[in-house]
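Structural overview for review
Letter by letter, the chains look like this.
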Amino acid sequence: MNRKNIAIALIAAVASLGAVASNAAENGNNYPEVASQGQPLTRAAVLADLAQARANGLIPQGDADYPVYVASGAAKTRAEVKTELAQARSEGLLAQNDVDYPVVASQGPSVSRADVKQELARARAAGQLDEFQGS
């Protein structure tokens, strides 16, 4: 029985190799075309690009420089940051604890429960509510 299983496996392997070989022959055994990148750079052009990258601080000098930090714009002064913080506090945009997270900016003045009940009573009296609206 064991010899029979080995023979079946061997025949299946040989048959699959034939299928792969025919597929490769149809494709001409070539890799996909690589997009043309124009003229290759000269050694001088590569060295000039390297010098420019070093001058811009884009080439790390060791593990301490990784990842390369690229400045995103002018830095803010301490006074500007403090002003922005005070403004965010006054607008209620800072979380006081984990319960407040995420902070949602207020949507305007809130209405009290009593005001909502009065508005509902007025709408009922004016017949502006359907039978199933409001409770």
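Just so you know, these numbers come straight off a predicted model, no measurement behind them. (Residues numbered from 1 in each chain as written. Predicted model: local features only at pLDDT ≥ 70, side-chain atom pairs only at ≥ 80, totals over all residues. Heavy atoms only, no water.)

A look at the overall build of the chain
Counting its secondary structure elements, the chain contains four helices and zero strands. Seen in sequence order, the chain has helices and strands lined up from the N terminus as α-α-α-α. Relative to its 135 residues, the chain shows a buried fraction of 2%. As displayed, the chain offers around 12900 Å² of accessible surface, 57% of which is attributable to carbon and sulfur atoms. (Helix = DSSP H or I, 4+ residues; strand = E, 2+ residues; numbered from the N terminus. Buried < 20%, exposed > 50% of the residue type's maximum accessible area, 1.4 Å probe, protein only. Areas by Shrake-Rupley, 256 points an atom, 1.4 Å probe, with all protein chains shown as cover.)

Here's the deal with the environment of I59
One can find I59 in the loop between helix 2 (43–55) and helix 3 (78–90). Apart from residues lying up to four places away in sequence, I59 is in contact with L50, A53 and R54. (Contact = heavy atoms within 4.5 Å.)

A look at helix 4 (residues 113–125)
Compared with an ideal rise of 1.5 Å per residue, which puts 13 residues at 18 Å, helix 4 spans 18 Å between its outermost C-alpha atoms and is within 8% of the ideal. The positive-phi residue at the C-terminal boundary of helix 4 is G127, with phi of around 75°. (Expected span 1.5 Å × (residues − 1).)

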